Amino acid sequence: MPEALRSEELGKTYPHGKEPALDGVSLRIPAGTVYGLIGRNGAGKTTFVRIASTQLLPTRGRVEVLGFDAVATPREVRARIAVIPQESRPLYFLTIDELVFYHLRMRGMDRRIARERTDTVLRQMGLADRANTLVSRLSGGLRRRAMVAMIFASDAELLFLDEPTTGLDPLARREVWAAIQKARHEGRTVLLTTHYLDEAEALSARLALIERGHVVVEGTPAEIRSRVKYPFRVSLPSSLSEAELAPYGEVSGVEGGWLVFAREDSARELTKLALDKNLAVAMAPISLEDIFLQLVGRPLTEGDALAEEGP
Amino acid sequence: MSVRHRLRSLWTIAYMNGVIPVRRQPLYLLNTIASPLSFLFFIALASRGTLLRPAIAGGMVLTMISIGTSLQADLTHYKQDMKFQDLVVASPVEAPIYVAGLALSEFLYSIPGLSVFVALWVATGPVPGVFDAATVVGTLLLVWAFSSALGFTLATYFEDIRETFVFGPLVSLGLTVLPPVYYPATFIPAAYRPLAFLSPATYAADLLHRAFSLGAVDPRFGPPLLAAPLDWLALIAVTAALFLLAAKKARWREP
Ligand SMILES: Nc1ncnc2c1ncn2[C@@H]1O[C@H](COP(=O)(O)OP(=O)(O)OP(=O)(O)O)[C@@H](O)[C@H]1O
Ligand SMILES: [Mg+2]
C-alpha cells in the first residue's frame, strides 16, 4: 500500500525550548487509513501534526506528505491537505452553513460543488437543522462539530485532526467518528490525535504512542496488545489481600478493590478462585488505557509528560 | 491555484470577514470613523478652523493607516485565539491572498469614514480636478498597501492580542499624529523638519496637501515639503520595502 505520510527521524526543538519536543520520530501512514497518534499532554502530537501539515519547520529529519517533501514543497502539500488545529474555533460571526460553504470557496472550489458538498456534510453531521444558526450561538460541542464539518467537506486527500472530539458528548463523538469512517471509505487518509484511547482503538488501523517526543510503540491495535506482558485484567473486591493476588500477576490498588493484570491462564484461575469465594469479579482483555499504563508506567491522564521535571 | 482560483479565494475571505459581518451588524461601519473624526474635530476647533483643510487630509491618511492596525489586530486574533490562520496556512490559500482578502474587508469598514472626508474636502474648497482626485486615490491606495503589509508582518510576531492594544495606537501616533499629517509641514521649525521624513505618512500627506492646494488657498501654509515626484518615489519605495519585509520576515510557517 502506498504511504500518505512518511517521516524519517523527525525532530523539533522550539526556538525557546530546552528539551526537544520531537526527538527522532519515524512513522509511515498507509494511504486510505485512519492513523491514531496518542500520548499525554506535551508528548509531541501537535508538534508532529504542525510540522507535517506545513505550519512549522522541523529542526531535523524529513517528512513526506502524499509524495511531497513538506519542508521543501509546502505548496504541493497544502493543495492536498486540510487541518483542524488543536483548540481552533470557527469564525463566530458566520452561520454553520456559511462557515462550511465559504471555507470551500476560500479553498477555490466551484460554487455548485461547494453548495452540494456543504449540504451533504451538514446532513451527515446532524447539523442540517441548524445550518442557519450563528456559530456564536452554538454550544461548545456544536462549534467543534461545525469545525469538523468544515474540514470534511473539503476535497483534501489527507485530513489532520488534532483532538477533534475533545469536549464532545458521547453522541456527538459518534457523529464525528462516523464522519471519519466515511472519509476513509472515500479513500482519504486521516491522521487523528486524541486522548481517548477507546476512540483511537475504534477508528485507527494503526496507532503510534508518543511519549516525550519518542515513539514508544507503533502498530495495529492487535499488534500493540500482543506487545504487553499481561493482556488481561481482573478486577476484584478489597476483601482479598494483595499477598493473595501477587502470584497471579501485577496488582494495583484501585478504588474499592484491586486490579490484577495477568496472562490469560492466570486470569482465568484467579477469576475462578474469586467465583468460588462468591466474590464479585470481572475479567476482560486489557484496554489501551491499561497498555499505556504498562508501557509508560503511568496512566495517560496522570500529569504532563514533562511536568515532573519541575521548575 | 490558478489566477481565477486565487481571486475567488481573495474575494471569499473579504466577503466572509467584511460583507457578512456588516450585513449583520451595520454599526461596525462606524468603528473606523471615530478616531480620525475626533482628531479632525479638535484640530479644527483649536485652530479656529484654519487647520480644517490639512486636518481633512490627515483624516484620510489616518483612516488608511487604521486599516493596517485593525488588520493587524484581526490577524493576531485569528491566529492566536481562533487558530484560524493555522487552518489557512495548511491549506491551498497563500499568505498574500489571505492578507489581501482581509485587508480588502478592512477597507470596506473604512468606506464611511472616507466618504465623510471626501465630502468635507469637496465642501470646504474649490472643486477638485481630475488630477487632484487621482492623486488622492493613488496616495490612499499606497498608504493602504504599506500599512497592511506592516500590519501583517507585525501580527505574525505578536503572541497575544493584548500586545495589539499597545502597538496599534503607538503605530498610529508615530505614523500620523506626530508627523505633519493633520497640520502642514511648514509649521514644524526648520531644524526639526527632516525628522518628519521618518514617517511614510509625511509623503502621503504632502501629496494630499498639494492636491488640496493648501498653499494656494492659504499662504500661511507655505509650499509642500518636497517636489511631487519625490513624494511619489518615497511613498512607492516605502511600500515596496514593507512588502519585501513582509515577504522575508512575516512568519507564515513558523520557525
Ligand atoms: N511554541 C512552542 N514553544 C516552545 N515549546 C513548545 C511550543 N509548543 C509546544 N511546545 C512544547 O513542546 C512539547 C510538545 O508539545 P505538543 O503541543 O506537541 O504536545 P501534545 O502531545 O500535542 O500535547 P497535548 O495533548 O497537551 O495537546 C511540550 O513540552 C510543549 O511545552
Ligand atoms: Mg496537542
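J.: I tried to follow the overall build of chain B on my own but got confused; where do I start?
T.: When you go through chain B residue by residue, the secondary structure sums to 11 helices and 0 strands. Reading the helices (α) and strands (β) of chain B from amino to carboxyl end gives α-α-α-α-α-α-α-α-α-α-α. The C-alpha radius of gyration of chain B comes to 19 Å, within 12% of the 18 Å expected for a compact globule of 255 residues. Counting only C-alpha atoms, chain B reaches 55 × 40 × 35 Å along its principal axes. Taking all 255 residues of chain B together, 51% fall into the buried category. Across chain B, contacts joining residues at least 24 apart in sequence account for 80% of those joining residues at least 6 apart. Here chain B has roughly 11200 Å² of accessible surface; of this, 73% comes from carbon and sulfur atoms.

J.: What is the right way to look at the sheet that holds strand 13 (residues 257–262) of chain A in this model?
T.: Whenever strands of a sheet pair, they do so through backbone hydrogen bonds, lying parallel or antiparallel. All names here are of chain A. Judged by pairing direction, the sheet is antiparallel, and its 4 strands sit side by side in the order 12-13-11-14 without closing on themselves. Every interior strand has two partners, whereas the edge strands, strand 12 (249–254) and strand 14 (282–285), have only one. The sheet shows a mean angle of 20° between the axes of neighbouring strands, taken without regard to direction. Against the sheet, helix 10 (residues 264–276) makes contact with strand 11 (232–237), strand 13 and strand 14, and its axis sits at roughly 20° relative to strand 11, the strand it touches most.

J.: I'm lost on the interface of chain A and chain B in this one. Help?
T.: For an interface, size is often stated in terms of accessible area lost upon the parts coming together. Across the boundary between the two partners, chain A contributes 41 residues, which contact 33 residues of chain B. Between chain A and chain B, the buried area comes to about 3100 Å², and carbon and sulfur atoms account for 60% of it. Along the contact surface separating chain A from chain B lie 5 salt bridges. A salt bridge links Arg 50 of chain A to Glu 254 of chain B; its shortest N-O distance comes to 3.1 Å. Taken together, chain A and chain B are joined by 19 residue pairs in polar contact (both at pLDDT 80 or more). Contributing elements (two or more residues each) for the side of chain A that touches chain B: helix 2 (74–78), strand 6 (81–84), helix 3 (96–106) and helix 5 (140–153) of chain A. At 5 residues, the largest contribution of residues to the side of chain A that touches chain B is made by helix 3 of chain A.

J.: Sorry, what's going on with the side chain of Arg 188 of chain A here?
T.: All names here are of chain A. Tracing the chain through its elements places Arg 188 in the loop between helix 6 (170–185) and strand 8 (189–194). Judged by its relative accessible area of 7%, Arg 188 is buried. For Arg 188, the side chain forms a polar contact with the side chain of Glu 186, separated by 3.1 Å. With sequence-adjacent residues up to four places away left out, Arg 188 is seen in contact with Gly 32, Thr 33, Arg 117, Phe 152, Ser 154, Asp 155, Ala 156, Glu 157, Leu 159 and Ala 183.

J.: Just to check I follow, could you spell out the pairing of strand 8 of chain A for this structure?
T.: In regular strands, side chains alternate between the two faces of the sheet. All names here are of chain A. Most of strand 8 sits out of view: 6 of its 6 residues are buried. Side-chain alternation along strand 8 places Thr 189, Leu 191 and Thr 193 on one buried face and Val 190, Leu 192 and Thr 194 on a second face that is also buried. The pairing of strand 7 (residues 158–162) with strand 8 spans 5 bridges and is parallel. By the bridge assignment for strand 8, Leu 159 is matched with Val 190. Handedness of the β-α-β unit built from strand 7, helix 6 and strand 8 comes out right-handed.

J.: Please clarify how the side chain of Arg 107 of chain A should be interpreted in this entry.
T.: Here Arg 107 of chain A is to be found in the loop between helix 3 and helix 4 (111–124). This buried residue, Arg 107 of chain A, is left without a salt bridge; Asp 155 of chain A holds the nearest opposite charge, at 4.5 Å. Polar contacts involving the side chain of Arg 107 of chain A include one to the main-chain carbonyl oxygen of Ile 81 of chain A, which spans 2.8 Å. Setting aside anything within four residues of it in sequence, one finds Arg 107 of chain A in contact with Arg 78, Ala 79, Ile 81, Ala 82, Ser 154, Asp 155 and Ala 156 of chain A together with Met 1, Ser 91 and Pro 92 of chain B.

J.: Mind showing me how you'd approach the coordination of the magnesium ion (ligand 2) here?
T.: Reference values for angles at a metal are 109.5 degrees in the four-donor tetrahedral case and 90 or 180 degrees in the six-donor octahedral case. Residue and element names in this part refer to chain A. Around the magnesium ion (ligand 2), the protein supplies Thr 46 (OG1) and Gln 86 (OE1) as donor atoms, at distances of 1.9 to 2.1 Å. Of this pair, Thr 46 sits in helix 1 (residues 45–52) while Gln 86 sits in the loop between strand 6 and helix 3, placing them 40 residues apart in sequence. Assessed through its relative accessible area of 22%, Thr 46 is described here as partly exposed.

J.: Any chance you could explain the domain arrangement of chain A here in plain terms?
T.: Considered domain by domain, chain A is made up of domain 1 (3–225) and domain 2 (229–285). Between the C-alpha centres of domain 1 of chain A and domain 2 of chain A there is a distance of 39 Å.

J.: I'm lost on the site of ligand 1 in this one. Help?
T.: Residue and element names in this part refer to chain A. Taken together, 14 residues lie near ligand 1, and Asn 41, Gly 42, Lys 45, Thr 46 and Thr 47 sit nearest. At 2.8 Å, a side-chain N or O of Asn 41 approaches an oxygen atom of ligand 1. Protein chains shield 66% of the accessible area of ligand 1, which is 630 Å² for the free molecule. Looking at the shell around ligand 1 residue by residue, the classes come out as 4 nonpolar, 7 polar and 3 charged.

J.: Which parts of the structure should I look at to understand the nonpolar core?
T.: General note: in soluble globular proteins, nonpolar side chains tend to be found buried as a group. The biggest cluster of nonpolar side chains holds 108 residues, and the ones touching the most others in it are Phe 84 and Tyr 98 of chain B. Ranked by the residues each element gives to this core, the list is headed by helix 3 (residues 52–81) of chain B, at 12 residues. Apart from the residues within four sequence positions on either side, Tyr 98 of chain B is in contact with Ile 13, Leu 75, Tyr 78, Phe 84, Gln 85, Val 88, Val 93 and Trp 252 of chain B. Membership of the second largest hydrophobic core comes to 28 residues, among which are Leu 22, Leu 37, Ile 51 and Phe 160 of chain A.

J.: What exactly am I supposed to notice about the sheet that holds strand 7 of chain A here?
T.: Residues and elements named next belong to chain A. Taken in spatial order, the 6 strands of this open sheet run 6-7-8-3-9-10, and their pairing is mixed. The open sheet is flanked by strand 6 and strand 10 (214–219), the only strands paired with a single partner. Geometrically, the sheet is characterised by an average inter-axis angle of 15° between neighbouring strands, direction not taken into account. Docked against the sheet, helix 6 engages strand 3 (34–38), strand 7 and strand 8, running at close to 150° with respect to strand 8.

J.: Is there a simple way to think about the packing of aromatic side chains in this case?
T.: Each aromatic ring pair is described using two quantities: the centre-to-centre distance and the angle formed by the ring planes. A full pass over the atoms with the stated rule returns 13 aromatic pairs over all chains. Centre to centre, the rings of Phe 39 of chain B and Tyr 182 of chain B are 5.3 Å apart; their planes meet at 50°, and the pair counts as tilted. You can see Phe 39 of chain B sitting in helix 2 (residues 34–46) and its partner Tyr 182 of chain B sitting in the loop between helix 7 (161–177) and helix 8 (193–196), a full 143 residues away along the chain. Here the guanidinium or amino end of Lys 12 of chain A rests over the ring plane of Tyr 14 of chain A, the centre of that ring lying 5.6 Å away. Directly above the ring of Tyr 196 of chain A sits Arg 173 of chain A, whose terminal nitrogen or CZ lies 4.2 Å from the centroid.

Scoring rules and cut-offs
- Residues numbered from 1 in each chain as written.
- Chains lettered and ligands numbered in written order.
- Predicted model: local features only at pLDDT ≥ 70, side-chain atom pairs only at ≥ 80, totals over all residues.
- Heavy atoms only, no water.
- Helix = DSSP H or I, 4+ residues; strand = E, 2+ residues; numbered from the N terminus.
- Rg over C-alpha atoms; globule rule 2.2 N^0.38 Å.
- Buried < 20%, exposed > 50% of the residue type's maximum accessible area, 1.4 Å probe, protein only.
- Contact = heavy atoms within 4.5 Å.
- Areas by Shrake-Rupley, 256 points an atom, 1.4 Å probe, with all protein chains shown as cover.
- Pairing = 2+ DSSP bridges.
- Axes fitted to C-alpha atoms, helices over the stretch in contact; angles between N-to-C directions.
- Buried area = accessible area lost by both parts, 1.4 Å probe.
- Salt bridge = Lys/Arg side-chain N within 4 Å of Asp/Glu carboxyl O.
- Polar contact = N/O pair within 3.5 Å; in protein donor to acceptor, adjacent residues only side chain to side chain.
- Right-handed = clockwise from strand over helix to strand, strands pointing away.
- Lys, Arg positive; Asp, Glu negative; His and termini not counted.
- Donors = N, O, S within 2.8 Å, 3.2 Å for Na, K, Ca; no water.
- Domains from an automatic or database assignment.
- Near = heavy atom within 4 Å.
- Nonpolar A, V, L, I, M, F, W, Y, C, P; charged D, E, K, R; others polar.
- Core = buried A, V, L, I, M, F, W, Y, C linked by side-chain atoms within 4.5 Å.
- Phe/Tyr/Trp six-rings, centres within 6.5 Å; stacked < 30°, edge-to-face > 60°.
- Lys NZ or Arg CZ within 6 Å of the ring centre and 35° of its normal.

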